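Coordinate analysis (summary)
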Amino acid sequence: MSYPFKEIEEKWQKAWEKQGSFVSLPDSKRKKYYLLEMFPYPSGKIHMGHVRNYTIGDVAARFKCMQGFNVMHPMGFDAFGQPAENAAIKNKTKPDTWTHKCIDWMRIELKKMGFSYDWAREVSTCDSPYYKWNQWIFLKMFERNLAYKKASGVNWCPSCETTLANEEVIDGACWRCHTRVEQKDLEQWYLKITAYKERLLDDLQGLKNWPERVLSMQSNWIGKSSGVQIYFKLKNTGETIPVFTTRPDTIFGATYIVLAPEHPLVKNIIQGNPQEKEALKFIKRVSRESKVVRSSSDVKKEGVFTGSFAVNPANNEEVPIWIADYVLMEYGTGAIMAVPTHDQRDFLFAKEHKLPMRIVIKGPDSLEKMTEAYEGNGVQVNSGQFNGLNNEEAKSKIAQWMEEEGIGKVETHWRLRDWLISRQRYWGTPIPIIYCPKCGVVPVPYEDLPVVLPKDAPFTGEGGSPLAKVKEFVNVKCPKCNGPARRETDTMATFFDSSWYFLRFCSPKDDHLPFNKDDAAYWMPVDQYIGGIEHAILHLLYARFFAKFFQDLGLINFKEPFNRLLTQGMVLKDGEVMSKSRGNIVDPDSIIKLFGADTLRLFILFAAPPETELEWDDRGIEGAFKFLNRVWRIKENLKDRADSELIKVMHKTIKRVSFDIENFKFNTAIAGLMEFVNVIYQSTCDKEVFKNLLIMISPIAPHFAEELWQELGNKESIFNSVWPQYDSNLLLDENVEIVIQVNGKLRLKLEVPADIAEDKLKELVFSDERLKPWIQNKTKKKFIFVPKKLINIVV
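So, here is what we can say about the structure in this document.

Quick notes on the rules
- Residues numbered from 1 in each chain as written.
- Predicted model: local features only at pLDDT ≥ 70, side-chain atom pairs only at ≥ 80, totals over all residues.
- Heavy atoms only, no water.
- Helix = DSSP H or I, 4+ residues; strand = E, 2+ residues; numbered from the N terminus.
- Buried < 20%, exposed > 50% of the residue type's maximum accessible area, 1.4 Å probe, protein only.
- Contact = heavy atoms within 4.5 Å.
- Pairing = 2+ DSSP bridges.
- Salt bridge = Lys/Arg side-chain N within 4 Å of Asp/Glu carboxyl O.
- Phe/Tyr/Trp six-rings, centres within 6.5 Å; stacked < 30°, edge-to-face > 60°.
- Lys NZ or Arg CZ within 6 Å of the ring centre and 35° of its normal.
- Axes fitted to C-alpha atoms, helices over the stretch in contact; angles between N-to-C directions.

**So, the overall build of the protein**
Looking only at helices and strands, the protein features 26 helices and 30 strands. Its C-alpha atoms give the protein principal-axis dimensions of roughly 100 × 85 × 50 Å. Counting across all 795 residues of the protein, residues that qualify as buried make up 54%. Counting contacts in the protein only where the partners sit at least 6 residues apart, residues at least 24 apart contribute 72% of the total.

Laid out in structure tokens, this is it:
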């Protein structure tokens, strides 16, 4: 007979809520721990990705609480956005009604999982007490010239009928609906994130507890490039065409140059040439394409010859001028020099259009045998006075020579562009700007905030912003001259909302500032942040930008908002990401009904390490359920005194589980608990040993542990207990025998402490005289270490 999980889980969820078990308040006498998972979009039902993300966070929060930390573990809803509008149209309701209904349902589902959230701190970004502060932040940026409007070509999603920031275009498609993105000219609002580019890049160095992959993605997106701006000249007029390159060592191999179709010189260059008609046709077609698609590495590059030539200033050679889709005005100067022998993209383009090539860095192949560009290092050839130099040395020498000759200048360029926040939708934060025929662009006064979304905006799913159709919203008086004026009808990108929500959690009811400075000083930065890798260059970059802006306002005194970051893997079924379209969804609610939330929590943690993908397995769920029932039955056979050997195993388990939970190795922590339970069944167990087992299980299966804890006669919650400490004098396996191999052959056996560090073990091994005949005077290529078992030295 299985344990009564349904009754137990309902009982303890009610008890925790009634007792306010997870309410958090600042306490200067206690060390704080702020644990946060990325808050969800309220779709109405939680999925297995939510379960995994929030279970990981909940275990850490409960563990830290039992270690004596003052834990804040809040939850809220990233509630604005396009899906609510689409759902409202489909279901013939209003986005506000739909969203709050989804939030109510999702809150119920999250509570069913037993997560230790402080619901008193809940925020929803679609509520005016929250988005009022979005508008306040925007106005502060506007005052400092960090929010501005400009006309430009933007990424346009024809399905969502709204603009997208570059970061929101993934593989040429809308990040939300996956529709192919187009290009469109519009006047839009931008945030000047580029004003913070140096700080955003430099401060990555201090994020020691972030995944290297995320740091690399942000660094590449910010994209600091040092190089040379080279002055090519138009052959006929002598007009300068600046070209930026990070590879001045290849300048003598530049056999053509390529301009962006939008380059201001293009129309003059093609005018009157036989190629003019074809070029204009090409420019018109490319202007409709997304810039993200154009720059994608897996899309074939297209271009046309302009009929004009430029002069390479390094060798005075004439080179043809082309225009091509893969060159963008936003990057560099809108013009590139093409070196097909040493750049693969240029190589493919040159082969396609039969353009000339010249090797200037010696590689393995001759020009006739080249099947791809040689992008490695080597000796300069065909490079005038720089022949014979290593190309790395030649970079600086050629750059210096160009500056001396006045044909180039050393410069730094950045890939990062300002953040487009305008959206032509209803369900978002209204941008607090008024347009007056007399006064121009006028910010809404602070005392008039919030600018509230009208309830009666029409929804048809067709064309433009619904806000523009609400006369009562649009037509206002100018705050300066009191004359007739009109409101901005664009709303903010939802990433604006999520760029600072972690600060609002510190004081969610504050009505004087976005957050209380003293509360933020106590709780921030977030000690552990958990979320998906897909937000590496979206939310995480924007949140860092906002933190630096708040620092400049004097609202916070730290540089970075998140001390530690964990990016969890996705949940798969049959090798595919779970989705409705694939028909491979496993509903968490159905698992809770059959096995209970604690079983689901246990399985989701045991099936794979947090950072990796997790393959759903029905047998794994059944195994987790059997394990909990096995623990449940231990209470029936408790004795007055435990075996001494079992006590040793307990201390070993405490050490292992404590380390593993601290380091988010939940699968191995659970494996350790399972091994401990096996030993208990072969031993005599008493109440104290069982109590320690329950404490170690409690962050993983909280309802289950809480019930058994009470059955043992404890009046206080198990989560008011102190996490157990191990006694090092009682640890088993104080010494272990390590096998030492050289190139796979047994050479030695060493007895060492079980917990010896790898660097200490290396030192011990390499100083052992008995190994010298096999390793002395030989290059050590690898040191393969299997803890507590084996070392293989490859020489």
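**Section: the sheet that holds strand 15 (residues 419–420)**
Read across the open sheet, the four strands follow the order 4-3-7-15; overall the sheet is antiparallel. On the outer flanks of this sheet lie strand 4 (162–164) and strand 15, each paired with one strand and no other.

**Some thoughts on helix 24 (residues 702–711)**
With eight of ten residues buried, helix 24 lies mostly within the body of the structure. Taken residue by residue, helix 24 has Pro702, His703, Phe704, Ala705, Glu706, Glu707, Leu708 and Trp709 as its buried positions. Looking at the buried side of helix 24, the elements it contacts are helix 1 (5–19), helix 2 (48–66), helix 19 (597–606), helix 20 (618–634) and helix 23 (687–697). Looking at the residues trailing helix 24, positive phi occurs at Gly713, about 100°.

**Structural notes on the pattern of salt bridges**
Using the criterion set out here, one finds 37 salt bridges in the structure. Ionic pairing is found between Glu662 and Lys64, a salt bridge with its closest N-O pair at 2.7 Å. In this pair, Glu662 sits in helix 21 (residues 644–662) while Lys64 sits in helix 2, placing the two residues 598 residues apart along the sequence. According to the relative accessible area criterion, Glu662 is partly exposed, its value standing at 32%.

**Quick look at the packing of aromatic side chains**
Each pair of aromatic rings is reported with the distance of its centres and the angle of its planes. Under the defined criterion, the tally for this structure stands at 51 aromatic pairs. With 5.7 Å between their ring centres and 70° between their planes, Phe305 and Phe309 make a pair best called edge-to-face. For Phe309, a relative accessible area of 31% translates into the label partly exposed. An aromatic cluster is defined as three or more aromatic residues linked by ring pairs; in this entry it consists of Tyr196, Trp419, Phe495, Phe496, Phe515, Tyr542, Phe545, Phe546, Phe549 and Phe550. A cation sits over an aromatic face here: Lys150 above Tyr190, 4.9 Å from the ring centre. Between Arg630 and the ring centre of Tyr681, over which it is positioned, the NZ or CZ distance is 4.3 Å.

**Structural notes on the pairing of strand 27 (residues 735–742)**
Across a regular strand the side chains alternate sides, sitting on one face of the sheet and then on the other. In this structure, strand 27 lies alongside strand 28 (residues 745–753), joined through eight bridges in antiparallel fashion. Paired with Ile738 across the two strands is Leu750, which belongs to strand 28. Here strand 27 folds back onto strand 28, and the loop between the two strands holds two residues, one of which, Asn743, carries a positive phi near 50°. As judged from the four bridges shared by strand 27 and strand 30 (residues 790–794), these two strands associate in the parallel manner. Bridge pairing in strand 30 links Val742 to Ile793.

**Remarks on the sheet that holds strand 18 (residues 440–443)**
Spatially, four strands are ordered 18-17-20-19 in an open sheet, and the strand pairing comes out antiparallel. In this open sheet, the two strands that pair with only one neighbour each are strand 18 and strand 19 (475–477). When strand polarity is set aside, the average angle formed by the axes of neighbouring strands in this sheet is 40°. The sheet contact formed by strand 19 and strand 20 (residues 484–487) spans three bridges and is antiparallel. Of the residues in strand 20, the one forming a bridge with Asn475 is Arg486.

**Observations concerning the side chain of Ser507**
Its place among the elements puts Ser507 in the loop between helix 15 (501–504) and helix 16 (517–523). Note on Ser507: relative accessible area 7%, which makes it buried. Residues within four places of Ser507 in sequence aside, it is in contact with Arg121, Phe515, Asn516 and Asp519.

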